[in-house]
Amino acid sequence: MKSVKTLIAATAVLCAAGFVHAQQTEADKSSDSKSESTVEQEYMQNMDDILISELALSDDYENKQTALAFLQSSIEDGHISPDMMAALTNLSGEGISTKSTTKGRVMNNYPDVRRKACELLGKVKTEEAKKALVNITLTDNEPTVIAAAVHSLGDIGINNKDEVVKAIAWAQKKNYALNPNSSLALEVLVAYEKLVDSVENKSDMIQSITAIAGNGKYNTAVRAKARDMIQKMQGSARSNNSNSSSNENEKK
């Protein structure tokens, strides 16, 4: 009887050991599979980076459009690598900060490429994206590109030490003098609305809005929006002053 019990116990131990071994083997296979999958993903991501970089640096216009399509897909998937960010930044300055010339003539002045790159930078929402957009706002000469950069800066919402608002105000002032553009003026106003709570010194912004409101070359809707913003800011200022006075009286 004792030997039967011993045999049953030994069999149970062997079965348990076999079960544990089988589980460990499956776990090892799963781990190896995950490791191989991770390596494969990293390889494909590196290939994507190389492909996008080469397309962006190509002199061919269609290749640049393909690069932008790849970048848009990657951003929508939540993936933007340093190489992709560099490609996007280069595309945002295509023909302005990044020039390809033949006999002194710029061959890669593609405003639509720059505009699309600015739109995509607004979806990245990082400090690096903000810096690239500020640079475009200050250096580009195409109103549609500047409008896209300004719109994206408003979406990103970073305005440390009023750097962004000052850049937008400067760009608006430059175009106000050279080539008033209602679409750009509207984007400037929309960006101000988004950034107003982060502005430390509102003087540049107020001057910019006032200039838009008083320029007859802008369309009626844009000028009306500028006047409405001025009234709201004045109302807000009066309300703040009233609250401050009430608080001072209460303290007394």
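Structure first, text after, so check above.
Residues numbered from 1 in each chain as written. Predicted model: local features only at pLDDT ≥ 70, side-chain atom pairs only at ≥ 80, totals over all residues. Heavy atoms only, no water.

Draft legend 1. Quick peek at the overall build of the chain. When helices and strands are counted, the chain shows ten helices and two strands. Listing the helices and strands of the chain from first to last along the sequence gives α-α-α-β-β-α-α-α-α-α-α-α. When each of the 252 residues of the chain is scored for burial, the buried share is 32%. Residue pairs at least 24 apart in sequence account for 63% of intrachain contacts in the chain once pairs closer than 6 positions are excluded. Surface summary for the chain: the accessible area is close to 15,100 Å², and the carbon and sulfur share equals 52%. (Helix = DSSP H or I, 4+ residues; strand = E, 2+ residues; numbered from the N terminus. Buried < 20%, exposed > 50% of the residue type's maximum accessible area, 1.4 Å probe, protein only. Contact = heavy atoms within 4.5 Å. Areas by Shrake-Rupley, 256 points an atom, 1.4 Å probe, with all protein chains shown as cover.)

Draft legend 2. Looking closely at the nonpolar core. If you look at the biggest cluster of nonpolar residues, it comprises 54 residues, and the most contacted ones within it are L88, L91, I168, Y192 and I212. Considering each element in turn, this core owes the most residues, eight residues, to helix α6 (residues 143-156). (Core = buried A, V, L, I, M, F, W, Y, C linked by side-chain atoms within 4.5 Å.)

Draft legend 3. Structural context of the packing of aromatic side chains. Tallying each qualifying case throughout the model produces one aromatic pair. Note on Y61 and Y110: the rings are 5.0 Å apart at their centroids and 70° apart in plane angle, and the pair reads as edge-to-face. In this pair, Y61 is assigned in helix α2 (residues 61-76) and Y110 in the loop between β2 (105-106) and α4 (111-124), connecting sequence segments 49 residues apart. Under the relative-accessibility criterion, Y61 is labelled partly exposed at 28%. (Phe/Tyr/Trp six-rings, centres within 6.5 Å; stacked < 30°, edge-to-face > 60°.)

Draft legend 4. Structural view of the pattern of salt bridges. Applying the stated criterion to the full structure yields eight salt bridges. One salt bridge in this structure joins K64 and E94, with 3.1 Å as the shortest N-O distance. Here K64 is found in helix α2, whereas its partner E94 is found in the loop between α3 (82-92) and β1 (101-102), with 30 residues between them in sequence. The same class applies to K64 and to E94, which are both buried. The closest approach of N and O atoms between D228 and K232, which form a salt bridge, is 3.4 Å. Linking D228 with K232, this pair stays in helix α10 (residues 220-251), spanning four residues, or about one helical turn. (Salt bridge = Lys/Arg side-chain N within 4 Å of Asp/Glu carboxyl O.)

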